[in-house]
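Listed below are the residues making up each chain.
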Amino acid sequence: MKYVIGVDLGTSAVKVLLVDQKGAVVAQASQPYPLSQPKPGYSEQDPEDWMRGVTAAIQELLAKTDVAPTDIEGLSYSGQMHGLVLLDAQGNVLRPAILWNDTRTTAQTAEITAKIGAQFLAITRNRPLEGFTLPKLLWVKENEPVIFAQAAAFVLPKDYVRYRMTGQLEMELSDAAGTVMLDVAGKKWSQAICDAFGIPVSLCPPLVEATAQVGTLTPAYAAVSGLAPATAVFGGGADNACGAIGAGVLQPQQAMCSIGTSGVVLTYEPDATADYHGQLHLFNHAAPNAFYSMGVTLAAGYSLSWFKHTFAPDEDFTPFVNSAATSIPGAHGLLFTPYIVGERTPYADATIRGSFIGVDSKQTRADFVRAVLEGITFSFRDILEIYAANGKTFKQLVSIGGGAKSPLWLQMQADVFNTPIVRLTSEQGPGLGAAMLAAVGLGWFATLQDCAAQFVQVKQVYQPDPAAVAQYQKLYECYRDVYPATKDLTARLIDFQ
Ligand SMILES: Nc1ncnc2c1ncn2[C@@H]1O[C@H](COP(=O)(O)OP(=O)(O)O)[C@@H](O)[C@H]1O
Ligand SMILES: O=C(CO)[C@@H](O)[C@H](O)COP(=O)(O)O
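Residues numbered from 1 in each chain as written. Chains lettered and ligands numbered in written order. Predicted model: local features only at pLDDT ≥ 70, side-chain atom pairs only at ≥ 80, totals over all residues. Heavy atoms only, no water.

Bringing the site of ligand 1 into the picture now. Every one of the 21 residues lining ligand 1 counts as a neighbour, but Ser 12, Lys 15, Thr 261, Gly 301 and Gly 402 are closest to it. Here Thr 318 contributes a side-chain N or O atom positioned 3.2 Å from a nitrogen atom of ligand 1. Of all the elements in the fold, those that place two or more residues in the shell around ligand 1 are strand E2 (13-20), helix H10 (301-311) and helix H11 (317-322). For the shell around ligand 1, the element with the highest residue contribution is H10, accounting for four residues. (Near = heavy atom within 4 Å. Polar contact = N/O pair within 3.5 Å; in protein donor to acceptor, adjacent residues only side chain to side chain. Helix = DSSP H or I, 4+ residues; strand = E, 2+ residues; numbered from the N terminus.)

Listed below in structure tokens is the structure:
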């Protein structure tokens, strides 16, 4: 039997999966790393922490199995998107990576809109938002000119990890789309965007396709990790593109819902003509010549992990989440909005903050846990409403990410969306998608669709419960009114942080 490894470089942790030729996950390992928030709106990670985590997770993975490293034929990646890693001419990291959920760049996004708003949307297929990479590059250029002057290249998180493992510096296409410096339909760097903002195109690394082999491991990395030097390394993909592949979202009308640190509702787009007027993102898929659209909740799983970390640091996620079962839909009148680091879809608003509305002396901690889960789920419903307004409804949604571990949350999704929710045998969609890119790159399968037919396995389908659907419809109407009512108020409170 032969194997591949999928490395999922998430925001909370790296997860590595060892997958055999039949698609069975034979071992997995995970290593967390810290997130640094030195100022309100800032979110950074040290790329060296990613490297330590990836290497330790691979070592742990190999120690868990009897699989010979020489039987692991290939490895590929799924990566948290948009994070800016600046490198000097020797490939050294110049400053901490500025992540996708860092919102310090409001001035730069306004600058982009004012300068080339309509042209920007036409080329990149996206509105300039704080989370994307170009505003981060402009922020460094304006605020840290000495560092910017030393920059010889920029990469995204998983592209940096791949560089350290292979010595090859490239940027993979589905992730490059999230820089908003790419001509998305033309699959090439946009000279017009670079020129408009004084970014030398020489900073943009060569582009590589997701299933293309970039090389093999360096002898040094093979020695330290325990992998074989001949292990073939493939481009990989943006985590949401990989999540879609791992969820089998490879045809029009198929859609997924991902609860990781962020939250995503995503659908496959066969070409780049879909037009959501910038309300949703449109990026290149990691499947060849395909695209996907998506809306993003900035703090989905992060709202839950913040709440648990703050109020129940010693409890495990599973009992903590399950405690919500002792509450009821609507959490005895408590509503939560998950805007704890600002929001992206449907409100591109870096200064909105979260709220608990309807706090009552009869409520218990279980009500608060339930309200957090429900508020996050309502934020996904907001994205589904945008799809519906554009004529897209889905027969079912495949649920992936850490949040898909919880049967209670899966049923809640079915009830809030009034749509069947599919649970797969593994909730590690991005890691599985990364492994599938290696499997196709190695030629085990002719297409990702063929690979998905073998690798993607449904475990259970959660059907909406009509009574809960009716309750959640009324609650969702209240939820929608919280944003306009709290927008100005919570922005004023930021001064007191
Ligand atoms: N047992 C669980 N039940 C429900 N949600 C969970 C559970 N364990 C973790 N989570 C949620 O999953 C999130 C992490 O998901 P993951 O897909 O690993 O994220 P990332 O890829 O961003 O690192 C956490 O923020 C947490 O809220
Ligand atoms: O910014 C986005 C997508 O545009 C995020 O979805 C990141 O890609 C991080 O993903 P997770 O760590 O939550 O999986």
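That was the structure; now back to the text.
A separate point is the side chain of Asp 175. Along the chain, the position of Asp 175 falls in helix H6 (residues 173-176). Look at Asp 175 and you get buried, because its relative accessible area is 0%. Setting aside anything within four residues of it in sequence, one finds Asp 175 in contact with Gly 79, Met 81, Leu 156, Lys 158, Asp 159 and Ala 238. (Buried < 20%, exposed > 50% of the residue type's maximum accessible area, 1.4 Å probe, protein only. Contact = heavy atoms within 4.5 Å.)

On to the packing of H10 against helix H12 (residues 365-389). Taken N-terminus to C-terminus, the directions of H10 and H12 make an angle of 165°; their axes are 9 Å apart at the nearest point. Judged on the interaxial angle alone, H12 and H10 are roughly antiparallel. As H10 packs across H12, the resulting crossing turns out to be right-handed. Only Phe 368, Val 369, Val 372, Leu 373 and Ile 376 of H12 make contact with H10, whose side of the interface consists of Ser 303, Leu 304 and Phe 307. Here the contact of H10 with H12 is built from residues that sort into seven nonpolar, one polar and no charged. (Axes fitted to C-alpha atoms, helices over the stretch in contact; angles between N-to-C directions. Parallel < 35°, antiparallel > 145°, perpendicular 65-115°, else oblique. Left-handed = near helix turned anticlockwise from the far one by under 90°. Nonpolar A, V, L, I, M, F, W, Y, C, P; charged D, E, K, R; others polar.)

Below, the discussion takes up the pattern of salt bridges. All chains considered together, the criterion is met by 20 salt bridges. We note a salt bridge from Lys 158 to Asp 159, for which the minimum N-O separation is 3.0 Å. By relative accessible area, Lys 158 is classed as buried at 1%. The salt bridge partner of Arg 381 is Glu 385, with a shortest N-O separation of 2.8 Å. Of this pair, Arg 381 and Glu 385 both sit in helix H12, four residues apart, which is roughly one turn of the helix. A relative accessible area of 11% places Arg 381 in the buried class. Each of Glu 44, Arg 95, Asp 102, Arg 104 and Glu 144 takes part in a single network of salt bridges with overlapping partners. (Salt bridge = Lys/Arg side-chain N within 4 Å of Asp/Glu carboxyl O.)

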